[in-house]
Amino acid sequence: MRSVAGQAFVWQLTVLFLLAATAMVALVLKTTNDAQNDARHRSLAVAEGFAHSPGVVRALQSPDPTAVLQPLAEAARNGSGVGFVSVLNRSGIRYTDPRPSLIGRPAQGDIGRAAAGQPFTEIFEGEPQSAVRALVPVTDAHGAVIGIVTAGVQTVDVGATVSRQLPVLLGVAAGSLALAAGGAALVSRRLQRQTHGLGPVEMTQMYEHHDAVLHSVREGVLILDADRRLVLANDEARHLLGMRASAEKLPLGALGLAPEMTALLGSERTVTDEVHPSGSRLLAVNLRPTAVHGGPAGWVATLRDTTELRALAGRAEEAQDRLKLLNEGSTRIGSTLDLERTAQELADVAVPRLADFVSVNVLETLLSGGEPPPGPITGAVLRRVAHQSILEGAPEALVGVGDVAVYPEDSPQARGLATGRSELHRVADPAINTWLTKGSALLAKGREHGFHSWIEVPLIARGTTLGVVDFVRSRHPEPFETDDLALAEELVARTAVCLDNARRFNRERTAALTLQHSLLPRRLPQLSAVEAAFRYLPADPRLGVGGDWFDVIPLSGARVALVVGDVVGHGMHASATMGRLRSAVRTLADVDLPPDELLTQLDDLVIRLAAESETDAEFAAPGDVGATCLYAIYDPVSGRCCLARAGHPAPAVAYPDGTTATLDLPAGPPLGLGGLPFEAVETVLPEGSLLALYTDGLIQSRQRESDAGLEALQQTLTAPDLSLDALCDKVVETLLPARPVDDAALLLARVQCLDIGQVATWEVPTDPAAVAGVRTDAVRQLSAWGLEDTAFVTELVVSELVTNAVRYGAAPIRLRLIRDRALICEVTDGSNTAPHLRRARVFDEGGRGLLLVAQLTQRWGTRQTTSGKVIWCEQTLPAGV
């Protein structure tokens, strides 16, 4: 039974048995179906005959249908041979039935179809017995259904009919099976002799292997006998060697193979993956003897086509090199936001792996900070920003880096700028040849260095043309192909985005720096009251100023105001807010407000700015306006300093004796909260004291708390023999980390006092007659200072101001002259009423005093004091004084 013949016999016998069983089942089913059909026809005929019998309609309409119809129904059943005949009303209630006990009981099944006037037959499963039955409606003269006649044959009777035919069917099936089994046995014995008793596994494997070798293996197979005659060649071998189909049994020399291949197959050496030409192909050949493992003497050769594999390997290597170049370009190009460096990075990446010479030329407007027009451009001025060559010094270049590159309209560069499309050319192309011949120098360069192919790719980013890039091959033997063009476009596209980012960054940086220069003082004023120096260090030096600011403001009476502040946030919005606050502080300082009152006014301004930002969220996020500020006024005459702060760090002081301290000032709320007062503190600073005003970014960082930073600041301020600029640098170097996280501002001011001889003061009686004496004293003091040239104007000014104080002011009245960088005249009185400049009419006797003072002096004004007011004016000193 292990052989193919035995298994075939069992299989045939099984199939025959199944066929016989299937035929038997089919015959039984057909007999059953025929019996059921006969029962349907008989039942329907009996039911229709009874339903249309005379007297049935009248009996159904009589008072007692059962008495009339029961005998008739039994007679019909006995005469027709059906199992039952019953009469029902429209609701299915039996009038008649072979079993009298069922009369008056409802019948089961689909009575509704018959009640609707439709006769039909069905196989009924239910009580009182299963049957093949027919239901026929009984209609009156008007066609209305008045009853239903049902007749049927019981299922038991149908099965008995089939059973009577089974013996005949079984006998026929058994005879057929026996006859077929004998035939199968004869066939199996013949098959066993032909297959030599092999099993199905062995035969299947032999067939599958043979078929696979002949048709499916994608490697050529040749089998030669000991006489070098062809025994077997599969389809792939015939295809690779170009052999005809009837080549079996031919000697090796008659197969029509290439001489080298014939010699190889005829040799008696073992070969492993030797590559030999065969026509236009390169075949990898393996040759082995077949007698090694006990088989018949001969040789087997396998052939594999490596032509496309080698070409694909070359292309895959090229593609891998391109991917490596793209990956390297993605990491190397755009490492900074410097335009020239980014362009040079492109040239360095592309040479020598893609081209022998690369030049990058950008629009002149790009370098000058202008905005290039969108889309393609014509007639633009290009400037060379980078180039690279495989030759040292880039001798191919006609234009140096930084020089203007001129390209005529018919040049590929100009076309690329105008169309926005890349171009690939050979030097022999008419477009390139015509352009080269027009420029003798360019033609000479091309011939000298052997230019043979050219790629021009426009630099386009976000719809804006920025320039053009040239790729040239000279020493590289292969010309540019379309794959090289695609690679060049990828590199240039990335570079264009990086260049556009650099352009936008430079534009924003220029705007930020311009804003910085316009908002912060570029130099401090030269004053007798203080010697000052400053440093401003933004957290990101590339973006310029943030929200910190400082200022030194000259005030009347040789005084000076020192300011430092910090606006919440960074960027343009913080810078703009800082500029508005600095302008507001300067304006309020001109009014000579005390520090606490000035901060109160500044607080109101910040509240208004915050309200504006909430209603204009397009330009400023709500709640972004907030600031701190420290305001100090120093008087060089008295040496007193009055300070107030709004949430800002207190200043540090280094005294002349080497001690340091932090001034104890009430902190005050930050600007923008509103409703809370500010408190000013007055202190005396010895001459030579160093006052340090700063923002919290100087003393506070991630590595250090503010207390430690303040202590380090105080220690640094005591460094001996350093100028203020050098001291600023030392403070920054000591306190700021390499990467600060916040802007930092530092203002150092060394206070100075005026010499006692530079100030003259007189107490003035409230008598108008005293004006002449005060005027005389003032002229005498001017003579002592050597300022006789200013005596006339000063005499008039003193006369007007003192007279006004005597007439309209209140005691005490005091006159003070200060000889500083200007001559300052101050008149103090006890009245809080401030004078106003007005235009006097023709017949007015007064009203011209302040007008005269304003015309004769360079500056004038008033300031309120705790006990009255001060009216002051300044005159420019004569040259050389």
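Within every chain, residues take consecutive numbers counted from 1 along the sequence as written. Only residues with pLDDT of at least 70 get local features here, since the model is predicted, and only at 80 or more are side-chain atom pairs given and counted; chain-wide, interface and lining totals rely on the full set of residues. Hydrogen atoms and water are omitted, and side-chain values are computed over all heavy atoms in the structure.

1. Structural notes on the overall build of the protein chain
Runs of H or I in DSSP of at least four residues are treated as helices and runs of E of at least two as strands, each being numbered from the N terminus. When its secondary structure is counted, the protein chain shows 23 helices and 30 strands. Only protein chains enter the calculation, and the probe is 1.4 Å; a residue is then buried if its accessible area is under 20% of its type maximum, exposed if over 50%, and partly exposed in between. Relative to its 881 residues, the protein chain shows a buried fraction of 43%. In this description, contact between two residues means that some pair of their heavy atoms is separated by no more than 4.5 Å. For the protein chain, restricting intrachain contacts to residue pairs at least 6 apart in sequence, the fraction spanning at least 24 positions comes to 61%.

2. Examining unusual backbone geometry
Excluding glycine, a negative phi dihedral is what most residues carry, and trans is how most peptide bonds are arranged. Backbone torsion omega between Val 351 and Pro 352 reads 5°, so that peptide bond is classified as cis. Examined against the element boundaries, Pro 352 turns out to sit in the loop between helix H10 (339-350) and strand S10 (357-363). The peptide bond linking Ala 811 to Pro 812 adopts the cis configuration, its omega dihedral lying at 0°. Among the structural elements, Pro 812 can be located in the loop between helix H22 (791-808) and strand S27 (813-819). Non-glycine residue Ala 558 carries a positive phi angle of around 65°. For Ala 558, the position within the fold is in the loop between strand S17 (548-554) and strand S18 (560-567). If you check the backbone angles, Asp 592 has positive phi at about 60° while not being a glycine. Mapping Asp 592 onto the fold places it in the loop between helix H16 (572-590) and helix H17 (595-615).

3. So, H10
Expected span of a helix, by definition, is 1.5 Å for each gap between consecutive residues, and there is one gap fewer than residues. For H10, which comprises 12 residues, the first-to-last C-alpha distance of 17 Å matches the rise-based estimate of 16 Å (1.5 Å per residue) to within 8%. Of all the positions in H10, only Leu 339, Thr 342, Ala 343, Glu 345, Leu 346, Ala 347, Val 349 and Ala 350 are classed as buried. Polar contact is defined as a pair of N or O atoms within 3.5 Å, subject to the rule that within protein one atom must be able to donate a hydrogen and the other to accept it, and that residues adjacent in sequence are counted only when both atoms are side-chain atoms. With a side-chain oxygen lying 3.4 Å from the backbone nitrogen of Glu 340, the N-terminal cap of H10 falls on Asp 338.

4. Some thoughts on the state of the cysteines
Cysteine sulfur atoms that pair up within 2.5 Å are treated as a disulfide. Summed over the entire model, instances satisfying the criterion amount to 0 disulfides. Not engaged in a disulfide, the cysteine Cys 641 finds its nearest cysteine sulfur in Cys 642; these two sulfurs lie 7.4 Å apart. You can call Cys 641 buried: its relative accessible area is 0%.

5. Describing the pattern of salt bridges
Salt bridge, as applied in this entry: a Lys or Arg side-chain nitrogen positioned within 4 Å of an Asp or Glu carboxyl oxygen. In the structure shown here, the tally under the stated rule is 31 salt bridges. With a closest N to O distance of 3.5 Å, Glu 219 and Arg 304 form a salt bridge. Placement of Glu 219 in the loop between helix H6 (200-216) and strand S5 (220-225) and of Arg 304 in strand S9 (residues 298-305) is noted, with a sequence separation of 85 residues between them. The exposure class assigned to Glu 219 is partly exposed, which follows from its relative accessible area of 24%. Residue Arg 304 is classed as partly exposed on the basis of its relative accessible area of 31%. Asp 592 is the partner of Arg 559 in a salt bridge, and the nearest nitrogen-oxygen pair spans 2.7 Å.

6. Quick notes on the packing of H22 against helix H23 (residues 849-856)
Each axis is a line fitted through C-alpha atoms, taken for helices only over the stretch in contact, and angles between the N-to-C directions span 0 to 180 degrees. Look at H22 against H23: their axes get within 9 Å of each other, and the N-to-C directions meet at 150°. One way to sum up the angle between H22 and H23 is to call them roughly antiparallel. For the pair H22 and H23, the sense of crossing is left-handed. From H22, Val 793, Leu 796, Val 797, Glu 800 and Leu 801 reach across to H23, where they touch Gly 849, Leu 850, Leu 852, Val 853 and Leu 856. Ten residues, namely Ala, Val, Leu, Ile, Met, Phe, Trp, Tyr, Cys and Pro, are considered nonpolar, four, namely Asp, Glu, Lys and Arg, are considered charged, and the remaining ones, Gly among them, are considered polar. Its residues assigned to classes, the contact of H22 with H23 shows 8 nonpolar, 1 polar and 1 charged. For this classification, under 35 degrees means roughly parallel, over 145 means roughly antiparallel, 65 to 115 means roughly perpendicular, and everything else is oblique. For a crossing to be left-handed, the near helix must be turned anticlockwise from the far one by less than a right angle; the clockwise case is right-handed.

7. What about the pairing of strand S11 (residues 382-389)?
Counting buried positions over the 8 residues of S11 gives 6, a clear majority of the element. Pairing of S11 with strand S12 (residues 404-405) involves 2 bridges; the strand directions are antiparallel. Residue pairing in the sheet places Leu 382 in a bridge with Ala 405 of S12. Here, a strand pair is defined by DSSP locating no fewer than two bridges between the strands.

8. Details of the sheet that holds S5
Spatial ordering of the open sheet is given by S6-S5-S9-S8-S7, a layout of 5 strands whose pairing is antiparallel. Only two strands of the sheet have a single partner each, and these edge strands are strand S6 (230-233) and strand S7 (271-278). Ignoring which end each strand starts from, the neighbouring axes of this sheet average 25° apart. Sheet strands in contact with helix H8 (residues 259-266) are S5, S7, strand S8 (281-289) and S9, and its direction is about 155° off that of S7.

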